[in-house]
Amino acid sequence: MSRRRVHDSYEDVYGADRGYKKRRRGGSESNDLEDRLESLVLKVGENTTSTIESNLEGLASVLDGDIQNFKKKVLKLLVECAVNMPEKCTIYSTLVGLLNAKNYNFGGEFVENIVRSFKDSLKNNSWNEARVVLRFIGDLVNCHVVSASSFVQLMGSLLDVTKEDGVPNVRKDWYCYAVMSCLPWVGRELYEKRESPLEMLLTTIEVYLNKRPKKHVNMLRIWSTDVPHPQEEYLECLWNQVKKLKHDSWTETIIPRPYLTFDNVLCEALQHNLPPIVPPPHHNACVYPMPWVVYRMFDYTDVTDGHIMPGAHSIERFLVEEHLQQIIDMSCKNRKECATNLMNFVHKNKVPLEYCIVEVVFSLMFHQPKPKYLEVMFGSVFIELSKLSTNTMPLVLAQTTEILYSRIESMHVCAFDRFVSWFAYHLSNFKFSWSWQEWADCLALDPEHPKPKFVREVLQKAMRLSFYERMRDIVPPDFEPLLPEKPEPKFKYAIEKSTLPGQFLSNTLLTKIRNKTTPEDIIEILKEPLMSENGEILEPADIGISNPTKVDAFVQTLLFIASKSFSHAFAAITKFISVFKALGETDDGQLQILRSTFDLWSADQQMLTVLIDKMLKTQIIECSSVANWIFSKDMIPEFTKLYIWEILSLTINKMSRHVDRLTRELNEAREKLRTTAAISNSSDDSDTETEKAEAKPRQSTTTTFGGQGVPMDVDDNVTEEMVERMEEKLEMAQADQKNLFLIVFQRFIMILSEHLVKCDTDDRPFDTYWYKYTVGRLQQVFLAHHEQVQKYSSTLEGLLFTQDLDIHILEVFHQFLALRS
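These numbers come from a predicted model, not from an experiment. Going along each chain's sequence as written, the residues are numbered from 1 onward. With the structure being a predicted model, the display of local features is reserved for residues of pLDDT at least 70 and the display and counting of side-chain atom pairs for 80 or more, all residues being used for whole-chain, interface and lining totals. Hydrogens and water are ignored here; the side-chain numbers use all heavy atoms of the structure.

Novice: Residues and numbers for the side chain of Arg296, please.
Specialist: A run of H or I in DSSP counts as a helix once it spans at least four residues, and a run of E counts as a strand once it spans at least two, with each numbered from the N terminus. With respect to the secondary-structure elements, Arg296 resides in the loop between helix H12 (263-266) and helix H13 (315-331). N or O atoms closer than or at 3.5 Å make up a polar contact, with two conditions inside protein: a donor-capable atom paired with an acceptor-capable one, and, for residues adjacent in sequence, both atoms drawn from side chains. One polar contact links the side chain of Arg296 to the main-chain carbonyl oxygen of Ala312, over a distance of 3.5 Å. Within the local environment of Arg296, its side chain forms a polar contact with the side chain of Glu321, the two groups lying 2.6 Å apart. The contact criterion used throughout is that any non-hydrogen atoms of two residues lie within 4.5 Å. For Arg296, the contacting residues outside a window of four places in its chain are Trp223, His229, Cys237, Gln241, Ala312, Arg317, Glu321 and Glu359.

Novice: I'd love a proper account of the nonpolar core, names of residues and values included.
Specialist: Remark: nonpolar core denotes a set of buried residues (Ala, Val, Leu, Ile, Met, Phe, Trp, Tyr, Cys) joined through side-chain atoms within 4.5 Å. Relative accessible area decides the class of each residue, using a 1.4 Å probe on protein chains only: under 20% of the type maximum gives buried, over 50% gives exposed, and in between gives partly exposed. In this structure, Phe362, Trp436 and Phe454 are the most contacted members of the largest nonpolar core, which totals 165 residues. With residues near it in sequence (within four places) discarded, Phe362 still touches Tyr295, Met297, Phe382, Leu397, Thr400, Leu404 and Trp422.

Novice: Residues and numbers for the environment of His412, please.
Specialist: Its place among the elements puts His412 in the loop between helix H17 (393-406) and helix H18 (413-428). For His412 and Phe366, which are 46 residues apart along the polypeptide, the C-alpha to C-alpha distance reads 9.4 Å. Other than its neighbours up to four places away in sequence, His412 contacts Met219, Arg221, Ile222, Gln368, Gly776 and Gln779. In this structure the side chain of His412 is engaged in a polar contact, spanning 3.0 Å, whose partner is the side chain of Gln779.

Novice: How would you sum up empty space enclosed by the protein? Please name residues and give values.
Specialist: A pocket here means an open set of points on a 1 Å grid, computed over the protein atoms alone, that has protein on both sides within 12 Å along at least five of seven lines. A cavity is instead a set of points where a 1.4 Å probe fits but cannot get out; residues with an atom within 4 Å of a point line either one. Grid points are joined across faces, edges and corners, and a volume is the space filled by probe spheres set on the points. Using the criterion set out here, one finds three cavities of 30 Å³ or more in the structure. Looking at the largest cavity, it is lined by 14 residues, and the ones nearest its centre are Glu87, Trp185, Ile255, Pro256 and His323. For the lining of the largest cavity, the secondary-structure elements that each account for two or more residues are helix H4 (89-102) and H13. For the lining of the largest cavity, the leading source of residues is H13, giving four residues. Residue classes follow a fixed rule: Ala, Val, Leu, Ile, Met, Phe, Trp, Tyr, Cys and Pro count as nonpolar, while Asp, Glu, Lys and Arg count as charged, and any other residue, Gly among them, counts as polar. Split by residue class, the lining of the largest cavity holds seven nonpolar, four polar and three charged.

Novice: Describe in detail the packing of helix H6 (residues 127-142) against helix H8 (residues 169-192), supporting the description with residues and values.
Specialist: The angle between two axes is taken between their N-to-C directions and runs from 0 to 180 degrees, where each axis is a line fitted to C-alpha atoms and a helix contributes only its stretch in contact. Following both chains from N to C, one finds H6 and H8 inclined at 25°, their axes separated by 9 Å at the closest point. Relative to H8, the element H6 is oriented roughly parallel. For the crossing formed where H6 meets H8, the hand is right-handed. Residues Trp127, Ala130, Arg131, Leu134, Arg135, Gly138, Asp139, Val141 and Asn142 of H6 pack against Trp174, Tyr175, Tyr177, Ala178, Val179, Ser181, Cys182, Trp185, Val186 and Glu189 of H8. Of the residues in the contact of H6 with H8, the class split is 12 nonpolar, three polar and four charged. An angle below 35 degrees is read as roughly parallel, one above 145 as roughly antiparallel, one from 65 to 115 as roughly perpendicular, and any other as oblique. Each helix crossing is assigned a hand: it is left-handed if the near helix lies turned anticlockwise from the far helix by less than a right angle, otherwise right-handed if that turn is clockwise.

Novice: So, the confidence of the model for the protein chain: which residues are in play, and what are the values?
Specialist: Chain-level statistics for the protein chain give a pLDDT mean of 89 and a share of 90% at 70 or above. Element-level mean pLDDT values for the protein chain span from 37 in strand S1 (residues 700-705) up to 98 in helix H28 (residues 623-630). Contacts for the low-pLDDT stretch residues 1-27, under 50 throughout, to residues beyond four places or in other chains number 66 contacts. Every residue in residues 688-715 is under pLDDT 50, and counting partners more than four places away or in other chains gives 40 contacts. Per-residue confidence from the predictor is reported as pLDDT, a score between 0 and 100.

Novice: Describe in detail the packing of H6 against helix H7 (residues 148-159), supporting the description with residues and values.
Specialist: Look at H6 against H7: their axes get within 9 Å of each other, and the N-to-C directions meet at 155°. As summarised for this structure, H6 and H7 are arranged roughly antiparallel, according to the angle between their axes. The handedness of the crossing between H6 and H7 comes out as left-handed. Within the contact between the two elements, H6 uses Leu134, Ile137, Gly138 and Val141 and H7 uses Ala148, Phe151, Leu154 and Leu158. Class assignment for the residues of the contact of H6 with H7 results in seven nonpolar, one polar and no charged.

Novice: Just give me the short version of the environment of Val551, but keep the residues and values in it.
Specialist: If you trace the backbone, Val551 turns up in helix H23 (residues 548-561). Through-space distance from the C-alpha of Val551 to that of Gly584 is 8.7 Å; in sequence the pair is 33 residues apart. Excluding residues that lie within four positions of it along the chain, Val551 makes contacts with Ile545, Ser546, Leu583, Gly589, Gln592, Ile593 and Ser596.

Novice: Which residues make up a negative patch on the surface, and what values do they have?
Specialist: Here the term patch refers to residues with relative accessible area over 30% and no salt bridge, with like charges joined within 9 Å and nonpolar side chains (Val, Leu, Ile, Met, Phe, Trp, Tyr) within 5 Å. Computed by Shrake-Rupley with a 1.4 Å probe, the accessible areas treat only the displayed protein chains as cover when residues are assessed. Think of a salt bridge as a Lys or Arg side-chain nitrogen and an Asp or Glu carboxyl oxygen that are within 4 Å of each other. Positive charges come from Lys and Arg, negative ones from Asp and Glu, while His and the chain ends are left out of the count. In this description, the location of a charge corresponds to atom NZ of lysine, CZ of arginine, CG of aspartate or CD of glutamate. On the surface, Glu720, Glu721, Glu724, Glu728 and Glu731 cluster together to form a negatively charged patch. By the secondary structure assignment, Glu720 is in helix H31 (residues 720-762). Relative accessible area serves as the criterion here: at 53%, Glu720 is assigned to the exposed category.

Novice: Tell me about the packing of aromatic side chains, and name the residues and values.
Specialist: Put simply, two rings from Phe, Tyr or Trp (the six-membered ring, in Trp's case) pair if the centres are within 6.5 Å, and we call them stacked under 30 degrees between planes, edge-to-face over 60, tilted for the rest. Summed over all chains, the structure comprises 51 aromatic pairs. Seen in terms of ring centroids, Phe639 and Trp645 are 5.2 Å apart; in terms of plane orientation they differ by 80°. Their pairing is edge-to-face. Taking relative accessible area as the criterion, Phe639 reaches 6% and is therefore assigned buried. Overall, the relative accessible area of 5% leaves Trp645 in the buried class. Look at Phe745 and Phe801: their rings are 5.9 Å apart centre to centre, the planes differ by 70°, and that puts the pair in the edge-to-face class. Within this pair, whereas Phe745 is found in helix H31, its partner Phe801 is found in the loop between helix H34 (793-799) and helix H35 (807-818), the two being separated by 56 residues in sequence. Classification of Phe801 by relative accessible area gives buried; the value is 1%.

Novice: Any details on helix H9 (residues 198-211)? Residues and values, ideally.
Specialist: Expected span, for any helix, means 1.5 Å times one less than how many residues it has. Taking 1.5 Å per residue, 14 residues should reach 20 Å; H9 reaches 21 Å between its end C-alpha atoms and fits that length. Inspection of H9 places Leu198, Leu201, Leu202, Thr204, Ile205, Tyr208 and Leu209 among the buried residues, and these make up the whole buried set. What you see down the axis of H9 is that its buried residues fit within an arc of 155°, all on one side. With respect to the buried face of H9, the exposed residues turned more than 90 degrees away are Met200, Asn210 and Lys211. Close packing links the buried residues of H9 with H7, H8 and helix H11 (234-247). Directions from the helix axis toward the C-beta atoms define the arc.

Novice: Describe unusual backbone geometry, and please don't skip the residues or the numbers.
Specialist: Of the consecutive residues Val227 and Pro228, the connecting peptide bond is found in the cis state with omega at 5°. Position of Pro228 among the secondary structure elements: in the loop between helix H10 (217-220) and H11. With an omega of 5°, the peptide bond between Gln368 and Pro369 qualifies as cis. Here Pro369 is to be found in the loop between helix H15 (353-365) and helix H16 (375-388). With a phi angle near 55°, Phe432 is a residue other than glycine that sits in the positive phi range. With respect to the element layout, Phe432 can be found in the loop between H18 and helix H19 (450-464). Its relative accessible area of 6% is what places Phe432 among the buried residues.

Novice: Explain the state of the cysteines residue by residue, including any values.
Specialist: Disulfide assignment relies on a single distance test, namely cysteine sulfur atoms paired within 2.5 Å. For the structure on display, the rule yields zero disulfides. The structure places no disulfide on Cys89, whose sulfur is separated from the nearest cysteine sulfur, that of Cys143, by 8.4 Å. Judged by its relative accessible area of 6%, Cys89 is buried. Distance from the sulfur of Cys356, which forms no disulfide, to the nearest cysteine sulfur (Cys237) is 14 Å. For Cys356, a relative accessible area of 6% corresponds to the buried category.

Novice: Describe H18, with residues and values.
Specialist: Here H18 spans 23 Å end to end across 16 residues, near enough to the 22 Å set by a 1.5 Å rise per residue. Within H18, 14 of the 16 residues are buried, leaving the element largely enclosed by the surrounding structure.

Right, dumping it as structure tokens:
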């Protein structure tokens, strides 16, 4: 179903009086009429010269006249609209109500179809779709299509999930959330029908929320403090909003209710009872939405002019935020369209629109465990919004930046990273103009304090989008201590007459590489003993190729020669990859490659990150070596810099993608094997001995599975031996992945435990900036890679996160387990 069709008016199809014109059925004329009907259904409720009510009345008459000819099409189209256009929920429910009043049988068939869609969504784990459909069914109660009593029975059946034993809490959470999110739409109707047990449903919800564990909340918070805005978990927040709605007699000011205009028609219609709907049972393949904490940035005191910001516990706040998120979801692929749709928000005259948009976009950007969209999307949408609202949006964004900066000391490290990335990108699109002097307070703070760290990281990120001299010019002179280093290589062997042990070897390599020598020649040179400038062999004599000095001389020399650009560096690595792999045959060799690369490019974080990524892709170094290097003593001065965690994240992601790819290929191979076996069995039953004898031998070729050549038949036959080899390869990859996580978490435990013990011994507070930062990074690894870590949670609990561990570290692990418990 396309939402971007060229819409026609009723007059174009049916004449000025919207009277139905009979046409011949069949052929292209019938198809054309069917397309126009679809166009009119999709268009209803959009900006027209007539009212929504008159459009609905005319469209209902048109569809009723065509029901017999296009019933299947109309049913399918209306269900799709209910699912894919949640912002027009009440419009389509009113349309269905009018059709039901005209044709009871059609209304019954629609109810059957929408119930089937709801069941399919639950079965397919399409949770957001299921919630939207459930809300639509609830709104059909308002339109007298569905009986209130049967809908209450449905909600009671869904809430029964909260009483199940032995199922994850996230399953119970979703069903509770789905029911609560329907109440703003249907609560008033159920309240007015005293015979419906609405109070019983509310009691069930309250009982569940009171006993529900909330250990996971601290891991999902954006700020570590509730000042100035309390951070509520999403179910708790919605429950408070529902209680406020109940206190207000279930009245709100946001939801359009066009069916009220047709109440005298709709109330005469016969209603349909929903069939019994039992939620599908839980099984291990079910993946439920993770919990989240509701993001709050503004209240009424932050909005000084214009409309008042709805209160945090008003249902209007929930409805506005949800609608704005729906707009972003539907138009996120086109930033200009997204910005335009946000600024044309239907309720823009009831709320301070720019403030609401900014809060919603930042809530999506800061969402844990990771944003739904790429971070650059949020930045580009803000740029387009600033173009559309030049008098307001730039000022709101500036105010937002100041608010975030003022609260940055308590900000979670994940949100800190995203704030840095967004602000640097935003500055790059507005000529890096900012009132830096207003942040001069950060210059007198501890360098590890989040404020100077933020400014330093922003300038570092911004330099990637510009150049060093520009960064130096945009900030006041007193900010110089926070400026990044000039991004240039630090080649330790640049002085030819230095006394470094590898100086003579570096000079030799420099000459040879510039003279286009081969990798084989380089390996032979590296096998020779280390020599000084005068030809003496350095003691002790070493003819091994993995000597740290030899590794350092080669890596620094080659990468210095290729330091002109990323392309030059990639070409050099590719040409001499055999030398790199020979040097990195051992774990110590790989660590030395990383140390030497860092020594050369420590002033250029972007180049360092890109080179390590290239070495991982070419398998020069292993993921475990990168983890060991990051947590080594050599990297202590760099440990709290953002780029280090970029490197660790890309390392873990690379390993995860490798395991996912092998898993996918193995599943495909198994499926092909099953299909081949079934076809073979069927063929054996019908083939004669003669046919078998005459069968020509199949030709073989080679295809790639998991990066290795595997013999394959041209018709994609898969053998059991191939599947076994793929299983072995997957097991090895999973073992490497588990080992990587064990290394990472073990190193975290070691450095945090050492810090806690030292603070206890010295009788000083442990809750330092370094400690908060490191615990935040531990939480970040758990959150960002929760799907992979969850598979090894039992191993982690048995080997690392044992009961004798310090409670401050163990608590982070327990919070992680609670996310999907």
